[in-house]
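# Working through the structure, step by step
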Amino acid sequence: MDNNGFASYFRFSNVDWNNMWSATWETVWMTLVSIIVVAILGALLGLLLFETNGSSSWGARILNWVVAAFVNIFRSIPFIILIVLLLPATQAIMGTIIGPKAALPSLIISAAPFYARLVEIAFHEIDHGVIEAAQSMGATRTQIIGKVLLPESMPALVSGITVTSISLIGYTAMAGAIGAGGLGNLAYLDGFQANNNAVTLVATVIIVLIVFICQFIGDILVKRIDKR
Amino acid sequence: MIEFKDVSKTFNAKEGQVHAVEDVNLNIPDGKIYGIVGYSGAGKSTLIRMLNGLEFPTTGSVTINGTEISGLSGKALRNQRLKIGMIFQHFNLLWSRTVIENIEFPLEIAKVPKKQRVEKAQHLAELVGLAGRENAYPSELSGGQKQRVGIARALANDPEILLSDEATSALDPQTTDEVLDLLLSINKQLNLTVVVITHEMHVIRKICDQVAVLDAGKIVEQGPVLDVFKRPQQTITKRFVNQETGSSNLDDTTVVVSELLTKYSNGVIVKLTFHGDQAKLPIVSEMLRQFPDVDLSIIEGSIHQTQEGALGSLYIQLIAEQQDNINGALEYLKTMRVEVEVIKRG
Ligand SMILES: Nc1ncnc2c1ncn2[C@@H]1O[C@H](COP(=O)(O)OP(=O)(O)OP(=O)(O)O)[C@@H](O)[C@H]1O
Ligand SMILES: [Mg+2]
């Protein structure tokens, strides 16, 4: 059987659909779980950056410096290197270095700092006058966070999480190539190494579809909540 | 009663120290509308922001009904702020909330239960003339309507004091007047002390009882609005008054007079100033009846309403064969307590 050439992309009889679905599910699962953790962790880090920015107290300044350093460092490490770097930590935390679960620590640690920056920018874009108005009404810092910062920046937070989840999907594929499972893993092992181009093509199409769906949901949500 | 006592505020900016407010002493009585007028950068916002602790004086003290605001912090300051409403030039509404939710916002901060909150907000929406628009978002409102939301929001916690920082500066003249009327009626209805900051003398004339003029951080003149309009002392005050009344300013008057002299070369040119109820009396026509030999032509005139009554000025030319008749007419006007200023004798 000729498994090279253009026609090989369309030899769908070579595709094991059961494997394909379970790989798809693994990718979706990795993305969803990491997105949830990234959204929470990133929002907290972003909030911490925003609240400690330009403060006059020394404690806040040091905290700001530490968080900013953490965010900047982990944002600049290429993902593929980060996975390798985190292998011992992954083994310690998750008890394994293979499979979708093992991909989570590196996915989260690479995406959370990225999202934290987006959150911080979103907060900075809120008109300072509105925050001051809340202060002048006697709001506490917590009330300002809950009633002003979060709701007023919600469209930016949601579109930020959409962008982050799309790059996370890309990362899951990369993680897959070194043993995390999912569509990336399938495309690499069954597609590339077994010289089965149809598998690679189907995996690609499914990933593109997942990205589109993400973008679509994100856009609809933003449109619904943005009342500006 | 609001009291500023020897208040100064110095900012440490990159370019060095900025003396935004210097040695301000001010007493603002309860229930009045007090205006503070000054040019951009005069320190108006800095001054008003000391009233709700958004800014603290470097030296001196700010007290409201005996409580020293400049000494409060934390919970005590937040509780004090609940009693002070503030409206802003750019409204500062939450765009993610509807009109009614925006008005509820300060009530949420004060932890008022939901049911009461909605009732109160609904009532306030009606008070400021926004009934029927409760579920609109700020982006769907005009500037004037947005400021109405701002006013309703500022009134939500039944404040004793309402602060207004250039609240009409982003609005057109028509809308400005509507918002000013609303502030005035609220002041009357709720017997609320209102502190108004502005660079427009129009705002002062229209709603304020008293005014202070702020120039480069210092109060250079203060008093009842009508007095300041009638007898401005400082050059800056004269400029402000002129901005509103149009023609009584020193610089301008010389121009006006020289124009008048060339246009109306015979007779006597007189400037009359009326205030209060005199502006309503037919003083000039009565004068003509008493001195039928005097011919009169009106050169220019204007009349303005202030909180304490009308203020008018009238330039007239009097011509008569006999000087005595003119003198008699002028004497008559003086007995009617009209201020008479002879600009040129023919
Ligand atoms: N936080 C600050 N840091 C440094 N300088 C400040 C600060 N706030 C105000 N100033 C300075 O204090 C002076 C008075 O400012 P302020 O905002 O009170 O003026 P204003 O009369 O309200 O002017 P405008 O009509 O333009 O609002 C200005 O020179 C301004 O640059
Ligand atoms: Mg100002």
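Keep in mind that this is a model prediction, so the values were computed, not measured.

Calculation notes
- Residues numbered from 1 in each chain as written.
- Chains lettered and ligands numbered in written order.
- Predicted model: local features only at pLDDT ≥ 70, side-chain atom pairs only at ≥ 80, totals over all residues.
- Heavy atoms only, no water.
- Helix = DSSP H or I, 4+ residues; strand = E, 2+ residues; numbered from the N terminus.
- Buried < 20%, exposed > 50% of the residue type's maximum accessible area, 1.4 Å probe, protein only.
- Contact = heavy atoms within 4.5 Å.
- Areas by Shrake-Rupley, 256 points an atom, 1.4 Å probe, with all protein chains shown as cover.
- Lys, Arg positive; Asp, Glu negative; His and termini not counted.
- Charge placed at Lys NZ, Arg CZ, Asp CG, Glu CD.
- Pairing = 2+ DSSP bridges.
- Axes fitted to C-alpha atoms, helices over the stretch in contact; angles between N-to-C directions.

Right, let's talk about the overall build of chain A for a bit. From N to C terminus, chain A includes 8 helices and 0 strands. Reading chain A from its N terminus to its C terminus gives the helix and strand order α-α-α-α-α-α-α-α. Each principal axis of the C-alpha atoms in chain A carries an extent, and together these give about 75 × 40 × 25 Å. Relative to its 228 residues, chain A shows a buried fraction of 44%. Sequence-distant contacts, at least 24 apart, represent 74% of the contacts inside chain A between residues at least 6 apart. As presented, chain A carries roughly 11,500 Å² of accessible surface, and 70% of it is formed by carbon and sulfur atoms. Side chains of chain A carry 11 positive and 12 negative charges; the gap between the two charge centres is 6 Å.

Before going further, it helps to examine the sheet that holds strand S8 (residues 193–198) of chain B. Note on sheets: strands pair through backbone hydrogen bonds, and any given pair is parallel or antiparallel. Residues and elements named next belong to chain B. Spatial strand order, S6-S7-S8-S3-S9-S10: 6 strands in an open sheet with mixed pairing. Among the strands making up the open sheet, the edge pair consists of strand S6 (84–88) and strand S10 (218–224). Averaged over all adjacent pairs, the angle separating strand axes in this sheet is 15°, with direction ignored. Both strand S9 (residues 210–215) and S10 contribute to a ladder of 6 bridges, which runs antiparallel. From the neighbouring strand, Val-213 faces S10, where its bridge partner is Glu-221.

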